[in-house]
Amino acid sequence: MEPHFQHLHEMLSKVDGFIYPNEIDLNWSVLIVLYPYITGLVAGAFILASLERVFKVRVLRPTYTIALLTAMSFLLVATMPLVSHLAQPQRFYEIMITPHFTSAMAIFGFVYMWYLMVVLLLEIWFDYRRDLVLWSQETPGFKGWIYKVLTLGVKDISPKSLKWDEKLGYAVTVIGIPSAFLLHGYVGFIFGSVKANPWWSTVLMPVIFIFSAMVSGIALVMLVFMAVNYIRKKKINMLCLDTIAKYLLVALILDFALEGLDQVHRIYESEESFQILDLLVKGKLTYTLFLFQWGLGMLVPIIILGYLQIFRSGEKIRKILYAATGILVLVGIFFMRWNVVIGGQLFSKSFAGFTAFKLNLIGSEGLLMAAVWLIVPLLILAFLLWLLPPWKKHPEPAD
Amino acid sequence: MGKHEIKNRRRFLKDAALIAGGLFVSGGTGPFGQILFATERKGTKGPWYGMGIDLEKCIGCGNCASACKAENGVSREPYYFRTWVEQYTILNDGTVKISSPNGGIDGFVQDFPESDIFKSFFVPKMCNHCENSPCVQVCPVGATFDSPEGVVLVDEHYCIGCRYCVQACPYGCRYIDPDRKVADKCTLCYHRIMNGMLPACVEVCPKGAKIFGDLNDPGSELVKFKREHSWQVLKPHMNTDSKVYYNGLRAEVR
Amino acid sequence: MPAQIKRLALLFGLFLAIFLTARYFLVPKSFGEYGHYRGLSLTENQSKIPRYAGQAVCQDCHDDLAGLKSSNEHATLSCETCHGPSLIHAENQDSLPFRPSGRDFCLRCHRIHPARPAANVAMINPEEHNAGQQCTDCHNPHSPWENMK
C-alpha cells in the first residue's frame, strides 16, 4: 500500500491548478491505451483481408491469409490488458453473465466472442479446411494429429464441398466487415459517449477510432508481409505492396481529415471546456500530439507515400520507405490512443486544473507489461505461420 | 385486379394492422408508454431521498468530510473523499482560485490578503444521487444502481473495478477504494437513513448547512428548503437530474 | 446439408449449452429482484455498523447538557460535532467519547476567515484574542457566553 500512497503523494505535488480531490490518480493507464490499439490492429487487418475477398481487389491476394492470421494473433491477446487492469480481475466473467445493456462496455464479452468464433476462426477454418485435411493425411506424428483435430472431423474435400467452403467463407467475410466495425467502433463509443469528459465526448469518436484502426491494421499487415518475405528470402510481390501502400495513404488522409475536423469543430465552437483543452493540447500533450501523433505518425507518412505515388522510384528505395512509414504509422496510432485515453484524464472535470501521469517501467500497469502484450501476439503469429504456412497451401485442384 | 392479388392485399393489411396494434399496446407498457400514457415514473412510491446544501451557512469547518470518513471507514489518506469541501476565492481582478486541501478536513488557510478578495465562500460537495445517473448507466455488470429510495449505491461484492463509473461521473465524486479495491462513493449513509438516523455529515454540521430529507414528504425539511430558496444543482446542462440542491450557488462554482 | 455446417452447428450448440448452464449457476440468486443488480446488496448496504449515535441518543442520558446547549448559539451543533463518533459510548458507558481540548479545536470553526459568513459564526483572530489561554478558561462549550469568567 505504501508505494501506492507514495505515488499519489508525488502526484499531489505535481497538480497544476485545482482538481476534484478524487481525481488525483489516473484511472485508466497504459493497459487501457493498449486495448483499443490492439483491437484496432485486428479490425484494420481484417478490413484489408476483406478488400480482397469481398471487394475483389485481387492484387492483394498474397496478403489475404497473412492478414487473417495477424488479426487472429492480436485478437487472442486483446482481452489480456483489459482483464489484468481490473481491480477485481477474478470477477471478469460477470460481464458475460449479467451484462448491463445501457453500458457500451457490457457488449465487450459478446462482441469479442462473436468476432473470435463466428468471424475470424470460421473464416480461417474455411480458408484452410482443404489443406488441413490434406496435411493431416501427409504429416506424421503429433503435428499430423493436431491437423486432424483442426479439421473438426470433417474429411470431405470433394469439389462440391469446397464450393461450400468458398460460399460460406464469403458470407463470413461479409458479416465480418460490420462486425469489425462493431468490435472497434464500440470502443470509440465507450469514450465518445462519456458526456462528463469533453475531450472524449464527440460523435466523431467511434468514426475516428475506426479509421485510425484501419490505418494501423494496414500498416501492420504491410510490415508483416515484408518481414515474412524477408525472412523466407523470397522476392516480394511489388504490385501487391504498392497497392497496400496506396490504401494506407487513402486511409491516412481520411483519418487525418476526420481528426482535423474534430479539432477544428472544437476550436470553432469554443464552448465551456475549450480553455482547459487548449491548455491541455499546448501543454501536457505537446509532444505526444503534435510531434508523435500528427507529425511523425501522420504528416510524414502522408508526404512519403504521396511522393511515392506521384514520382517513380526504384524498388529498393520503395521498400525502405514503406517499412519506415509502416513503423511511423504504428507508433503514431499508439500515440493517438495515448492522447485520447491519458489526455482525457490529465485535466480535471472542474476545468480548473491538471493532474500528472507517471508511467512506471515495471509493475502490472508498467511499460514492460505493455511491451509484453505487444510482443506475445507476434510470437503467436510466428507459431501460426509455422503451423499453417500460407505458402505451403496446396495448389487449387484442376477442374 | 385478380382474386389472388386482392387476397394478398387483404392479408397484408390484416398483418399490418395486427403489428401496429401490437406495437401500440406494448408501447403502453414499455418505456414509450411512460411518455404516451403518463404511467408511473420511478420515485413516486415510498421515500425519495435527496440533500440540500445551504452555501450561505457553510463555515468550512470540514466536520462533514471528517465525520464521513470516520462513519464509513474511508482511508484517511488525502486522496479518497466521499464528501469534501472546496474553498472559492474570487479576487478583485476576477480570477477564481479554488482549493480543497485534504478535502477541507484540516480546515483552510487564506493565502490572499483580504484587500485583494472580492468574494470568498465554501462549497461542500458530495455524490449528487442523480435520478438520471451517468454512473449507473455505464456500469457494465450492474454493480452500481439506484436503490428504490433513490440512493445511488455500489455493490462492493459485485464490482469488477473497471473504473468506467469513475470516468462517467461529471462531479468527480467516485473513486476506487484502496483497501476494498472496488468503486466507492457517498451512500447518503444508507445504513443510517434506513434506520431512522441522519447521514453522518448532516449530523455533525454545526450550522445546519446540510439538509437531508424525503422529496416525497411535503412536510420534510428538504421540501421546505426547496420551496424557500432558489435552489440550483451543479452542471444542470448534463441533465443528470441531480438530487443535491444548493442555495446560494454562484456561477463561479465548478 | 454439407458436413461443415452440420459439424459447426453441433459445436456451437454445445458451446451455447455450456454457456447457459454456467450462467445458471454463476448469476447470484437475488440478481434482478429490484433492477439490474443484486437485491441482496440493499440489505448489505443497510447493515453496515454506524459509528455516530445521533443527538437524540445522547439526549436520552445527557438531557441536562442537551437542554443547556439548546438555548444558545451552539444549539445547532450536534453533541458529536465536537465529541466525535460516540455510538460505542452509548452502548457501553465504560468507553468514553472524545473530549475536545486545546485552542485549535475551537478555532476549527471560530478562526477568522474571509470565506466564513460573519453573520453565521462568531470569529476571532487567535493571535490577538487571549493568546496562550485555553478557550474553556472563559467559555463554557455547552453555553459559550454564559458565566464568562
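Residues numbered from 1 in each chain as written. Chains lettered and ligands numbered in written order. Predicted model: local features only at pLDDT ≥ 70, side-chain atom pairs only at ≥ 80, totals over all residues.

## Here's the deal with the overall build of chain B
- Each helix and strand in chain B was counted, giving eight helices and eleven strands.
- Counting the 254 residues in chain B, one finds 50% classified as buried.
- Excluding contacts between residues fewer than 6 apart, the proportion of contacts in chain B whose partners are at least 24 apart in sequence is 61%. (Helix = DSSP H or I, 4+ residues; strand = E, 2+ residues; numbered from the N terminus. Buried ≥ 20, exposed ≤ 12 C-beta atoms within 10 Å, placed from the backbone. Contact = placed C-beta atoms within 7 Å.)

## Focus: the overall build of chain A
- The number of helices and strands found in chain A is 14 helices and two strands.
- Taken over the C-alpha trace, chain A has a radius of gyration of 23 Å; the compact-globule value for 399 residues is 21 Å, and the two agree within 12%.
- Taking the principal axes of the C-alpha coordinates as reference, chain A spans close to 75 × 55 × 35 Å.
- Out of the 399 residues belonging to chain A, those deemed buried represent 45%.
- At a minimum sequence separation of 6, the contacts of chain A that also span at least 24 residues come to 79%. (Rg over C-alpha atoms; globule rule 2.2 N^0.38 Å.)

## Notes on the interface of chain C and chain A
- Contact residues are listed per partner, giving ten residues for chain C and twelve residues for chain A.
- For the side of chain C that touches chain A, a count of residues per class yields six nonpolar, two polar and two charged. (Nonpolar A, V, L, I, M, F, W, Y, C, P; charged D, E, K, R; others polar.)

## Some remarks on the nonpolar core
Residues and elements named next belong to chain A.
- The biggest cluster of nonpolar side chains holds 196 residues, and the ones touching the most others in it are Val 42, Ala 45, Ala 71, Val 215, Ile 218, Val 221 and Leu 248.
- A per-element tally of this core places helix H2 (residues 30-53) first, with 17 residues.
- Not counting the four nearest positions on each side in its chain, Ile 218 is found in contact with Gly 44, Leu 48, Ile 244, Tyr 247, Leu 248 and Ala 251. (Core = buried A, V, L, I, M, F, W, Y, C linked by C-beta atoms within 7 Å.)

## Quick look at the interface of chain B and chain A
- Facing the 38 residues of chain B at the interface are 35 residues of chain A.
- Listed by contribution, the elements that provide at least two residues to the side of chain B that touches chain A are strand S3 (96-99), helix H4 (134-138), helix H5 (164-168) and strand S7 (175-176) of chain B.
- Looking at the side of chain B that touches chain A element by element, the count peaks at four residues for H5(B).
- Taken together, the residues of the side of chain B that touches chain A sort by class into 25 nonpolar, eight polar and five charged.

## Looking at the confidence of the model for chain B
- Per-residue confidence for chain B averages 89 on the pLDDT scale, and 86% of its residues sit at or above 70.
- Here the complex is predicted with pTM 0.90, and the ipTM for its interfaces comes to 0.92. (pLDDT = per-residue confidence, 0-100.)

## Regarding the sheet that holds strand S4 (residues 117-126) of chain B
Residue and element names in this part refer to chain B.
- Read across the open sheet, the three strands follow the order S3-S2-S4; overall the sheet is antiparallel. Whereas interior strands pair on both sides, the edge strands pair on one side only; in this sheet they are S3 and S4. Here the average twist between neighbouring strands, direction ignored, is 20°.
- The pairing of strand S2 (residues 83-91) with S3 spans four bridges and is antiparallel. Residue pairing in the sheet places Gln 87 in a bridge with Ser 99 of S3.
- Most of the contacts of helix H3 (residues 63-72) go to S2, to which it runs at about 160°, and overall it touches S2 and S4. (Pairing = 2+ DSSP bridges. Axes fitted to C-alpha atoms, helices over the stretch in contact; angles between N-to-C directions.)

## Observations regarding the sheet that holds strand S11 (residues 244-247) of chain B
All names here are of chain B.
- The mixed open sheet is built from four strands, whose spatial order is S9-S1-S11-S10. Both outer strands of the open sheet, strand S9 (210-214) and strand S10 (231-232), are each paired with one neighbouring strand and no more.
- In the sheet, strand S1 (residues 49-54) pairs with S11 via four bridges, with the strands oriented parallel. Across the sheet, residue Gly 52 finds its bridge partner in S11, namely Tyr 245.
- With respect to the sheet, helix H8 (residues 221-228) is in contact with S1, S9, S10 and S11, its orientation differing from that of S9 by roughly 115°.

## Regarding the pairing of S4(B)
Residue and element names in this part refer to chain B.
- Most of S4 is tucked away, with seven of its ten residues classed as buried.
- Two strands pair when backbone bridges link them, and S2 and S4 are joined in this way by nine bridges, in the antiparallel orientation. Residue Gln 87 lies in a different strand from S4, and its bridge partner there is Phe 122.

## Describing helix H9 (residues 238-269) of chain A
Residues and elements named next belong to chain A.
- Between its first and last C-alpha, H9 extends 46 Å over 32 residues, near the 46 Å set by a 1.5 Å rise per residue.
- Considered for burial, the residues of H9 that qualify are Leu 241, Ile 244, Ala 245, Leu 248, Leu 249, Ala 251, Leu 252, Asp 255 and Glu 259.
- Residues of H9 that are buried make contact with helix H3 (61-85), helix H8 (205-231), helix H11 (286-310) and helix H12 (315-341).
- Positive backbone phi, approximately 40°, marks Ser 270, located one or two places after H9. (Expected span 1.5 Å × (residues − 1).)

## Notes on the packing of H8(A) against H12(A)
Residues and elements named next belong to chain A.
- Relative to each other, H8 and H12 sit at 140°, their axes nearing to 9 Å. Taken together, the axes of H8 and H12 are oblique relative to one another. As for how H8 packs across H12, the hand of that crossing is left-handed. Touching Ser 212, Val 215, Ser 216, Ala 219, Leu 220, Met 222, Leu 223 and Met 226 of H8 are Lys 319, Tyr 322, Ala 323, Gly 326, Val 329, Leu 330, Ile 333 and Met 336, all from H12.
- Each residue belonging to the contact of H8 with H12 can be placed in one class, and the counts come to twelve nonpolar, three polar and one charged. (Parallel < 35°, antiparallel > 145°, perpendicular 65-115°, else oblique. Left-handed = near helix turned anticlockwise from the far one by under 90°.)

## Quick word on the packing of helix H5 (residues 108-138) of chain A against helix H7 (residues 159-192) of chain A
Residue and element names in this part refer to chain A.
- Between H5 and H7, whose axes approach to 8 Å, the crossing angle comes to 150°. Viewed along their axes, H5 and H7 adopt a mutual orientation that is roughly antiparallel. Crossing hand, H5 versus H7: left-handed. Residues Val 111, Trp 114, Tyr 115, Val 119, Leu 122, Glu 123, Phe 126, Asp 127, Arg 129 and Arg 130 of H5 touch H7, and the partners they reach there are Leu 162, Asp 165, Leu 168, Gly 169, Val 172, Thr 173, Ile 175, Gly 176, Ser 179, Leu 182, Leu 183 and Tyr 186.
- By residue class, the composition of the contact of H5 with H7 is 13 nonpolar, four polar and five charged.

## Observations concerning the environment of Gln4(C)
- Secondary-structure assignment places Gln4(C) in helix H1 (residues 3-26).
- Given 19 C-beta atoms within 10 Å, Gln4(C) falls into the partly exposed group.
- Apart from residues no more than four positions distant in its own chain, Gln4(C) is found in contact with Val154(A), Trp164(A), Asp165(A) and Leu168(A).

## Points about H8(A)
All names here are of chain A.
- Taking 1.5 Å per residue as the helical rise, H8 with its 27 residues ought to reach 39 Å, and the 38 Å between its terminal C-alpha atoms agrees with that figure.
- Counting buried residues in H8 gives 20 out of 27 residues, a clear majority hidden from the surface.
- Among the residues trailing H8, Lys 233 stands out with phi positive, at a value near 55°.

## A few points about unusual backbone geometry
- Even without being glycine, Lys181(B) reaches a positive phi, approximately 55°.
- Looking at the secondary structure, you find Lys181(B) in the loop between S7 and strand S8 (183-184).

## Looking at the environment of Val215(A)
Residues and elements named next belong to chain A.
- Counting through the fold element by element, Val 215 comes out in helix H8.
- Since 30 C-beta atoms lie within 10 Å of it, Val 215 is described here as buried.
- Between the C-alpha atoms of Val 215 and Ser 364, which are 149 residues apart in sequence, the distance is 29 Å.
- Beyond its immediate stretch of four places on either side in the chain, Val 215 contacts Gly 44, Leu 248, Ala 251, Leu 252, Asp 255, Val 329 and Ile 333.

## Focus on the environment of Glu315(A)
Residues and elements named next belong to chain A.
- Mapped onto the fold, Glu 315 is located in helix H12.
- For Glu 315, a count of 12 C-beta atoms within 10 Å gives the class exposed.
- Through-space distance from the C-alpha of Glu 315 to that of Asp 242 is 9.9 Å; in sequence the pair is 73 residues apart.

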